[in-house]
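A structural walkthrough
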Amino acid sequence: MSHRSTTHPALLPDDATRQLLADIAADPTAPLRLGVVAPGGYGKTAILREIERVYAGESVRLVDDAHLLDEKQLRDLVDADDPRLVVAYRPWPRQRLLAESAGRWRALMPTAFTKDQVKEYLPAGTSRAVVDFVHQQTGGVPRFVERLAGLTTAEVTAEAVTAFRPELDWLDGDLQKFLLAAEAGAGLRLDLLGSLLDKDFDAVGEVIDAGRATGLLAQDGTLVPLARRAVALLSRAERRIAVRQRLAELQLASGGPVLDLVRPLIGTGVGGPGIADAFQTAAAEALDADPALAARLLAASAAAGAPNADVASRWATASAMAGDLDAALRLADQVITGPESPHRAQAAEVAAVALAHRGQLARSTELYRWSTTPSAAAFAVVGRVGTGHVPGDLALPTAPPTSFDGAAALMAQGMRESVVAEPMTALSTLVRASGLLEPVGRAALLPDSPAALAALVALHCGESGVAESVLDRAAAAGVGGTLMTIRHVVLRAWIAMVRGNLVEAKDCLVALKKSGKRLEPRDWLFAVALEIGIARRNSDLATVKRTWEQACEAVLRHPVDLFTFLPLGEFAAAAARLRDEHRLAPHLTAARTLLRSLGDPPLWAVPLHWSGLHAAIIAEQTDVAEEHAAALATHRDRTRYNAIVSDAAEAWLDVLAGKVEPDRVEEAARGLHAAGQWWDGARLAGQAAIRTTDRQAMVRLLDCARLLQGRPTSQKKPTTTPTTDPAPSPEAAQLSDREREVADLVVAGMTYKQVGDRLFISAKTVEHHMARIRQRLGCTSRGELLAQLREILP
């Protein structure tokens, strides 16, 4: 390295070395007996060369690697009368004569580089990130720092690893075994090392000292990261596998954790009952945090010689928790259809979970009823309610009071209450179930989470704030693990959509698509309904048309159950908009039949009638809209939410009939907003504004619609408060007053003809205004134009 041409590349003198060299330079004729003691790679040879250079021809005897000399050679060395003798050696193997002489000689013990020394050693301009990486990988060992001196990125090169081969090849068998054990994380486990090496503790200590002398170990006894990588990659594969397998079996026998030991053995083909048991134990350790890894470990256990019902049922559980429902169903079926065993009940539960996520709630319920566990009985009640069966008094089997079984029982109770009791009673029970499961729910295998059920109930009774809170808590706690993640995300997006936060809802969908995760039929049903609902609210007819075929397929794949009423409602509105109601009609009929079988519970009936009302309005079927409004009126006295929706339905019918009463419309719209249906409230006010002939009422209702959408109104602030109106955005400033007026009415939902009638211009002129606006804003579609106008208009 040109920047340090006068010294050996691996020498960067510390204070003690500098002082030694200064003393020699000051009096090179003075006698000197010096021992340079350090593990391999700490720069002993470089120090000898620097000492030789400083002596500049003065007689000095330099001996390197003195620990390799035999006793006679050492005796000759120690007894020699050289006036200046410098001996470099490792602390192991221990040499008695060197140890006896050390007390009479001057000692120099080179140490590892500090981070600042690493920075000084590396080429000028090396980034701090690379400096930190080199120090972390090498532990500051000078020889290893030298091997990484050419790095420009934080990535170890193959050449740096290969350079370890000569050092590893000459080590004896016991030392190689020890290094492999250290690479496996067992370098400090004397009990395991004793059995692995077949030595007593004293002999094991000698092997460890030999390992430290190589320079491959850090001060804490673990392998330096770079050396660990080299040991893993350069050791013979069969020896590394054998050491790990033996360590795993020893650790298993002692009752300790084995996951880190056996993880690298997956796919190596190792076999035998001992390692098969170790794989199973490791799978239990991994299940909570990484069910996919647990499934791989159980597969390895089966391959190693344990293909029994116990392993298969646990493998099915891990696969389901990891989201691999195909494997879960295949393995569960093998156990269920196999010989009689106590594991069939567990396998049935796994299959029931998988089928619930795939929309087969009736079949899932059958499997839960066939199983005999307390949680299965509770989940069977949830499924029966969801498929239209009113349960009698709950008589769940007695079970230990675990959090999981307690949560399952509360879920069953909450779902029963949702059809026979007050909605808030059911919601309270389900929220408590969710809270009970939060501390332990990450490893819970669930057909549906209590948080998801609570959110559905909350959305059906106008408590979107509760729905949001319970979903956020469940997501933070990881309830249901990987399998429930998408369920919680789509329901959280649903809340954003009904509130009119369409950008947030769309972002959730985009993130789901980017994740590349496969959506099971239940999640896909909600995701497609979200896409259609967002597009409908954005007046993006092209997207509604493009997504409609997916919607039709989604409802075919997922039979109607109580928990699908929200997406069914969105599909009903889209079907009406596209004049394709006949394709959805059988599914809506099934929903109404299911409601009747449950006794027409208001909690579930009201939102379905509300969506039916909107579908009828879109289809211009006033008689059908009146039927839905009448149905809503029958439930209005049951809850505050029912009254709000019923009042809004009556207000809609009046607006459609041309009877716009601003006070009544505004009260109904604000009621919907208070119930979490912000977009519905704003739409009611906006449509009433379109249909009134009173300009003052129009302005008032448009202001109400803007306010409910979270946008500023057009009203001036009181003159008693000296403020200025917000400046228009740069994009809005590009539009003329007339263009802003046209855009405002179009965004409110008016057709071009209605805008023209209101402004006393032709529909063609309105179209020309919109074309110029679209060109100025650089929008490529009507949906993009409307979305941008909503952002920029005051």
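Residues numbered from 1 in each chain as written. Predicted model: local features only at pLDDT ≥ 70, side-chain atom pairs only at ≥ 80, totals over all residues. Heavy atoms only, no water.

A look at the overall build of the chain
Test applied: Strands are runs of DSSP state E lasting at least two residues, helices are runs of H or I lasting at least four, and both sets are numbered from the N terminus onward. The contact definition used throughout considers only heavy atoms, calling two residues in contact when any of these lie within 4.5 Å. Shrake-Rupley sampling with a 1.4 Å probe provides the accessible areas, and residues are treated as covered by the protein chains on show and by no other component.
For the chain, the count of helices and strands is 43 helices and four strands. With the C-alpha coordinates aligned to their principal axes, the bounding extent of the chain is approximately 120 × 75 × 45 Å. The long-range share in the chain, meaning contacts at least 24 apart out of those at least 6 apart in sequence, stands at 64%. When the accessible surface of the chain is split by element, carbon and sulfur atoms take 52% of a total near 34,900 Å².

Quick look at the nonpolar core
Heads up, the rule is: The criterion is simple. A nonpolar core is a set of buried Ala, Val, Leu, Ile, Met, Phe, Trp, Tyr and Cys residues joined through side-chain atoms within 4.5 Å. Each residue gets one of three labels from its accessible area relative to the maximum for its type: buried under 20%, exposed over 50%, partly exposed in between, using a 1.4 Å probe on protein chains only.
Ranked by internal contacts, the top residues of the largest apolar core, which has 191 residues, are Val262, Phe279, Leu297, Phe571 and Trp604. Ignoring anything within four residues of it in the chain, the contact list for tryptophan 604 reads Met415, Ser418, Val419, Val457, His460, Leu562, Phe563, Phe565 and Leu595. Grouped together as the second largest cluster of nonpolar side chains are 52 residues, Val665, Leu684, Leu745 and Met750 included.

Overview of the pairing of strand β1 (residues 32–37)
Just so we agree on the cut-off: Any two strands with at least two DSSP-identified bridges between them are counted as paired.
The buried count for β1 comes to five of six residues, which makes it a mostly enclosed element. Pairing of β1 with strand β3 (residues 84–89), which is carried by six bridges, proceeds in the parallel orientation. Bridge pairing in β3 places valine 36 opposite alanine 88. In this sheet, strand β4 (residues 106–108) lies alongside β1 in parallel orientation, the contact comprising three bridges. When the sheet's bridge partners are listed, leucine 34 is paired in β4 with arginine 106.

Topic: the sheet that holds β4
For the record, the criterion: Where helices are involved, their axes are fitted lines through C-alpha atoms of the stretch in contact, as for all axes, and angles between N-to-C directions lie from 0 to 180°.
With respect to topology, four strands assemble into an open sheet ordered β2-β3-β1-β4, the strand pairing being parallel. The open sheet has two edge strands, β2 (61–63) and β4, and neither has a second partner. Sheet twist, expressed as the mean angle between neighbouring strand axes with direction ignored, is 15°. Helix-sheet contacts for helix α2 (residues 44–55) involve β1, β2, β3 and β4, and the interaxial angle to β3 is about 165°.

What to know about the side chain of serine 371
Spelled out, the test is: Counted as a polar contact is a pair of N or O atoms within 3.5 Å, where, for protein atoms, one must be capable of donating a hydrogen and the other of accepting one, and residues adjacent in sequence contribute only when both atoms are in side chains.
Along the chain, serine 371 falls in the loop between α21 (361–370) and α22 (374–386). Assessed through its relative accessible area of 7%, serine 371 is described here as buried. Polar contacts involving the side chain of serine 371 include one to the main-chain carbonyl oxygen of alanine 345, which spans 3.3 Å. The contacts of serine 371, once residues within four sequence positions are left out, are Ala345, Ala348, Glu349 and Ala376.

Examining the confidence of the model for the chain
Applicable threshold: Confidence of the predictor at the level of single residues is given by pLDDT, which spans 0 to 100.
Looking at the chain as a whole, its pLDDT mean stands at 88, while 94% of the residues score no less than 70. When pLDDT is averaged over each helix and strand of the chain, the minimum, 48, is found for helix α39 (residues 730–733) and the maximum, 97, for helix α25 (residues 450–460). Ignoring residues within four places in sequence, the model shows residues 715–733, a span with pLDDT below 50, making eleven contacts including any to other chains.

Some details on helix α29 (residues 521–537)
Put simply, the rule reads: Working rule for helices: expected span equals 1.5 Å times residues minus one.
Compared with an ideal rise of 1.5 Å per residue, which puts 17 residues at 24 Å, α29 spans 24 Å between its outermost C-alpha atoms and is within 8% of the ideal. Burial analysis of α29 places 17 of its 17 residues in the buried class, the great majority of the element.

A closer look at the packing of helix α23 (residues 403–420) against helix α24 (residues 423–437)
Worth spelling out the cut-off: Angles below 35 degrees are treated as roughly parallel, those above 145 as roughly antiparallel, those between 65 and 115 as roughly perpendicular, and all remaining angles as oblique. Here a crossing is called left-handed whenever its near helix is offset anticlockwise from the far helix by less than a right angle, and right-handed whenever the offset is clockwise. Residue classes follow a fixed rule: Ala, Val, Leu, Ile, Met, Phe, Trp, Tyr, Cys and Pro count as nonpolar, while Asp, Glu, Lys and Arg count as charged, and any other residue, Gly among them, counts as polar.
Viewed as axis vectors pointing N to C, α23 and α24 meet at an angle of 165°, and their least axial separation amounts to 8 Å. One way to sum up the angle between α23 and α24 is to call them roughly antiparallel. Between α23 and α24 the crossing geometry is left-handed. Mapping the contact onto sequence places Ser403, Phe404, Gly406, Ala407, Leu410, Met411, Gln413, Gly414, Met415, Glu417 and Ser418 in α23 and Thr425, Ala426, Thr429, Leu430, Arg432, Ala433, Leu436 and Leu437 in α24. Partitioning the contact of α23 with α24 into residue classes produces ten nonpolar, seven polar and two charged.

Things to note about the packing of helix α41 (residues 752–759) against helix α42 (residues 763–777)
Between α41 and α42, the least distance of the axes is 8 Å, while the angle of their chain directions is 110°. Regarding the angle of α41 to α42, the classification is roughly perpendicular. Between α41 and α42, the contacting residues are Tyr752, Lys753, Val755 and Gly756 on the first element and Ala763, Val766, Glu767 and Met770 on the second. Classifying every residue of the contact of α41 with α42 gives five nonpolar, one polar and two charged.

Let's talk about the packing of aromatic side chains
Quick reminder of the rule: Aromatic rings from Phe, Tyr and Trp, taking only the six-membered ring of Trp, are treated as a pair when their centres fall within 6.5 Å; an angle between ring planes under 30 degrees marks them as stacked, one over 60 as edge-to-face, and anything in between as tilted. For a lysine, the NZ atom is tested; for an arginine, the CZ atom; a charge sits over a ring if that atom is within 6 Å of the ring centre and within 35 degrees of the ring normal.
Summed over the entire model, instances satisfying the criterion amount to six aromatic pairs. Ring centres of phenylalanine 113 and tyrosine 121 lie 6.0 Å apart, and the angle between their planes is 45°; this geometry places the pair in the tilted category. We classify tyrosine 121 as buried; its relative accessible area is 0%. Taken together, a centroid distance of 6.1 Å and an interplanar angle of 70° make the contact between phenylalanine 563 and tryptophan 604 edge-to-face. Of this pair, phenylalanine 563 sits in the loop between α30 (541–557) and α31 (565–578) while tryptophan 604 sits in helix α33 (residues 602–618); the two residues are 41 residues apart in sequence, bridging distant segments of the chain. Since its relative accessible area comes to 7%, phenylalanine 563 is described here as buried. Through a chain of ring-to-ring contacts, three or more aromatic side chains come together here, namely Tyr368, Phe379 and Phe404. Stacked on the ring of tryptophan 679, the Lys or Arg arginine 537 has its end atom at 4.9 Å from the ring centre.

Some points on the pattern of salt bridges
Two side chains of opposite charge can pair, provided their charged atoms sit close to one another. We count it as follows: Salt bridge, as used here, is a side-chain nitrogen of Lys or Arg placed within 4 Å of a carboxyl oxygen of Asp or Glu.
Going through the model one piece at a time under the given rule, you end up with 51 salt bridges. Here aspartate 326 ties to arginine 518 by a salt bridge, and the two come within 3.2 Å at their closest N and O atoms. Note that aspartate 326 is positioned in helix α19 (residues 325–336) and arginine 518 in the loop between α28 (502–515) and α29, a separation of 192 residues in sequence. The partly exposed category is assigned to aspartate 326, whose relative accessible area is 41%. Among the salt bridges present, the one from glutamate 666 reaches arginine 700, with a minimum N-O distance of 2.9 Å. Taken together, the positions of glutamate 666 in helix α36 (residues 662–674) and arginine 700 in helix α38 (residues 695–708) put the pair 34 residues apart, joining distant regions of the chain.

Examining the environment of leucine 684
Summarising the element assignment, leucine 684 is placed in helix α37 (residues 678–691). Under the relative-accessibility criterion, leucine 684 is labelled buried at 0%. Between the alpha carbons of leucine 684 and leucine 216 there is a distance of 74 Å; along the sequence they are 468 residues apart. The residues touching leucine 684, leaving out its near neighbours within four places in the chain, are Ala648, Ala651, Trp652, Val665, Ala668, Ala669 and Leu672.

A word on helix α12 (residues 201–213)
Its 13 residues give α12 an end-to-end C-alpha distance of 18 Å, which sits within 8% of 18 Å, the value for a rise of 1.5 Å per residue. What α12 keeps buried is the set Val204, Val207, Ile208, Ala210, Gly211 and Ala213. Turning to α12, the residues buried within the fold contact α10 (173–183) and α11 (190–197). Taken from the residues just after α12, glycine 215 is the one with a positive phi, measuring 85°.

Re unusual backbone geometry
Of the consecutive residues tryptophan 92 and proline 93, the connecting peptide bond is found in the cis state with omega at 5°. Turning to its location among the elements, proline 93 is positioned in the loop between β3 and α4 (96–102). Look at arginine 579: it is not a glycine, yet its phi comes out positive at around 55°. Overall, arginine 579 belongs to the partly exposed group, its relative accessible area being 48%.

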